[in-house]
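# Tertiary structure, described
As a plain string of letters, each chain reads:
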Amino acid sequence: ITRPEMEIGRYHWMYRSSRPHRYHHVPALRGNVSPLGIQGCFECCIKCLGGVPYASLVATILCFSGVALFCGCGHVALTGTVSILEQHFSTTASDHALLSEVIQLMQYVIYGIASFFFLYGIILLAEGFYTTSAVKELHGEFKTTACGRCISGMFVFLTYVLGVAWLGVFGFSAVPVFMFYNIWSTCEVIKSFQTNVTVPGDQICVDIRQYGIIPWNAVPGKACGPILENICNTNEFYMSYHLFIVACAGAGATVIALIHFLMILSSNWAYLKDASKMQAYQDIKAKEEQELQDIQSRSKEQLNSYT
């Protein structure tokens, strides 16, 4: 290559307008991607669906459903229970005054439980969104702080405490189911003995006073034979019995949801802890690379000064 050819090549490289124009093949567009490289609606939907924390979403739906069943059915069932006691087992208002106050207090507690778990479920769902990989893609580099890890650990502890408390609520909600089942089974025994003349149905009774919900001096305190059978055939008894069953099932669903939340929060906390360690490692690595580049640049400057 002669010197004139080298000058011509240098001229073409410096002034691109003089370089021969070349046509490049433009690939065909796929899907809804625009010519400017902007993602279409389908790609955006797929990206958004990929960032949804499905485990937290399922646990939230299960928690909301369980709390709603427990609070709604339990509130109506308690009202029906008071009506049954006033009409058939405790005709004097002073005998069941304390029970009425306790049931009214429990209904107010139900309102508070529903409100608290509505907010708590939304907070846990938001925490699930925070720890997904989609947040890193939408907001750039993912940074974890000690405050964020502390909040995640606090949620783990609080969810554990609530899970233990709801185990007690689940056991407590099974008590009225047991009581109503005993009354219902006694009524079934009375119906089966109607054809047996040797065993009169009047001798089969249910005494509510033995459960401790009304005092022993309450009148009449018990129901026997046909009176008990009529109680079992009333709408209040039928609805209260089945609503207590549904409320107990709702409490069990809430326990499962809290256990599910506990597993998710523990996994998220471990993820944040590992992410913080990885972040510290990357910072140290970037600092070492920057120092190495500075050393290399200084070495090149010294070498150029010598030459």
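Not measured: the values here are computed from a predicted model.

### What about the overall build of the protein chain?
A tally of helices and strands in the protein chain yields eight helices and two strands. For the protein chain, the sequential pattern of α-helices and β-strands runs α-α-α-α-α-α-β-β-α-α. Restricting the contact set of the protein chain to residue pairs at least 6 apart, pairs at least 24 apart contribute 78%. With an accessible surface of roughly 20,200 Å², the protein chain has 66% of that area assigned to carbon and sulfur atoms.

### Observations regarding the packing of helix H3 (residues 54-89) against helix H4 (residues 97-130)
The geometry of a pair of packed helices is captured by two quantities: the angle between their axes and the separation between those axes. At a minimum axis distance of 10 Å, the contact between H3 and H4 shows a crossing angle of 175 degrees. In terms of axis orientation, H3 runs roughly antiparallel to H4. Looking at the contact of H3 with H4 residue by residue, the classes come out as 19 nonpolar, nine polar and one charged.

### Describing the nonpolar core
In this structure, Phe-89, Phe-117, Trp-166, Ile-183, Ile-208 and Leu-228 are the most contacted members of the largest nonpolar core, which totals 49 residues. Of all elements in the fold, only H3, H4, helix H6 (146-192), helix H7 (225-232) and helix H8 (235-306) reach the threshold of two or more residues within this core. Residues within four places of Ile-183 in sequence aside, it is in contact with Val-206, Ile-208, Leu-228, Cys-232 and Phe-237.

### Let's talk about the UniProt feature "transmembrane region" (unreviewed entry) in the protein chain
Per the UniProt record, the feature "transmembrane region" (unreviewed entry) sits at residues 57-85, 105-130, 151-175 and 243-265. Here residues 105-130 runs as 100% helix and 0% strand, with 38 Å between its end C-alpha atoms. Helix makes up 100% of residues 243-265 and strand 0%, and the two end C-alpha atoms of the span are 32 Å apart.

### A few points about a nonpolar patch on the surface
Together, Phe-157, Tyr-160, Val-161 and Val-164 make up a nonpolar patch on the protein surface, roughly 420 Å² of accessible area in all. Summarising the element assignment, Val-164 is placed in helix H6. Note on Val-164: relative accessible area 45%, which makes it partly exposed.

### Comments concerning H4
Between its terminal C-alpha atoms H4 stretches 50 Å, which fits the 50 Å expected from 34 residues at 1.5 Å a residue. When H4 is considered as a whole, its buried residues turn out to be Leu-99, Ile-103, Gln-107, Ile-110, Phe-117, Tyr-120, Gly-121, Leu-124, Leu-125, Glu-127 and Gly-128.

### Some remarks on the packing of aromatic side chains
Scanning all chains against the criterion turns up 13 aromatic pairs. Relative to Phe-155, the ring of Tyr-120 lies with its centre 6.4 Å away and its plane at 75 degrees, an arrangement referred to as edge-to-face. Of this pair, Tyr-120 sits in helix H4 while Phe-155 sits in helix H6, and the two are 35 residues apart along the sequence. For the pair Tyr-120 and Phe-155, a shared accessibility class is recorded, and that class is buried. A centroid spacing of 5.4 Å and a plane angle of 45 degrees characterise the contact between Phe-180 and Phe-244, whose relative ring orientation is tilted. With Phe-180 in helix H6 and Phe-244 in helix H8, this pair connects stretches of sequence that are 64 residues apart. Accessibility assignment for this pair places Phe-180 and Phe-244 in one class, buried.

### Some words on the side chain of Thr-81
Inspection of the secondary structure assignment puts Thr-81 in helix H3. Classification of Thr-81 as buried rests on a relative accessible area of 14%.

### Side note on the environment of Leu-78
As for its placement among the helices and strands, Leu-78 is situated in helix H3. Assessed through its relative accessible area of 9%, Leu-78 is described here as buried. Remark: the alpha-carbon pair of Leu-78 and Ser-240, spanning 162 residues in sequence, is separated by 7.4 Å. With residues up to four places along the chain from it excluded, the contact list for Leu-78 reads Ile-103, Met-106, Gln-107, Ile-110 and Phe-244.

### Looking at the side chain of Ser-240
The topology assignment puts Ser-240 in helix H8. Ignoring any residue separated from it by four or fewer positions in sequence, one finds Ser-240 in contact with Ala-77, Gly-80, Thr-81, Ile-84 and Phe-180.

### Section: the confidence of the model for the protein chain
If pLDDT is low for a region, its predicted coordinates should not be looked at in detail. When the pLDDT values of the protein chain are averaged, the result is 77; 73% of them are 70 or greater. Taking the mean pLDDT of every element in the protein chain, the minimum, 46, falls on helix H5 (residues 133-139) and the maximum, 90, on H3. For the stretch residues 4-8, pLDDT sits under 50, and the model shows one contact to residues farther than four places along the chain or on other chains. Within the model, pLDDT remains below 50 along residues 11-37, and this stretch shows 16 contacts once partners closer than five positions in the same chain are excluded.

About the thresholds
- Residues numbered from 1 in each chain as written.
- Predicted model: local features only at pLDDT ≥ 70, side-chain atom pairs only at ≥ 80, totals over all residues.
- Heavy atoms only, no water.
- Helix = DSSP H or I, 4+ residues; strand = E, 2+ residues; numbered from the N terminus.
- Contact = heavy atoms within 4.5 Å.
- Areas by Shrake-Rupley, 256 points an atom, 1.4 Å probe, with all protein chains shown as cover.
- Axes fitted to C-alpha atoms, helices over the stretch in contact; angles between N-to-C directions.
- Parallel < 35°, antiparallel > 145°, perpendicular 65-115°, else oblique.
- Nonpolar A, V, L, I, M, F, W, Y, C, P; charged D, E, K, R; others polar.
- Core = buried A, V, L, I, M, F, W, Y, C linked by side-chain atoms within 4.5 Å.
- Buried < 20%, exposed > 50% of the residue type's maximum accessible area, 1.4 Å probe, protein only.
- UniProt positions renumbered as here; feature names shortened; annotations may be inferred.
- Patch = residues over 30% accessible without salt bridge, like charges linked within 9 Å, V, L, I, M, F, W, Y side chains within 5 Å.
- Salt bridge = Lys/Arg side-chain N within 4 Å of Asp/Glu carboxyl O.
- Expected span 1.5 Å × (residues − 1).
- Phe/Tyr/Trp six-rings, centres within 6.5 Å; stacked < 30°, edge-to-face > 60°.
- pLDDT = per-residue confidence, 0-100.

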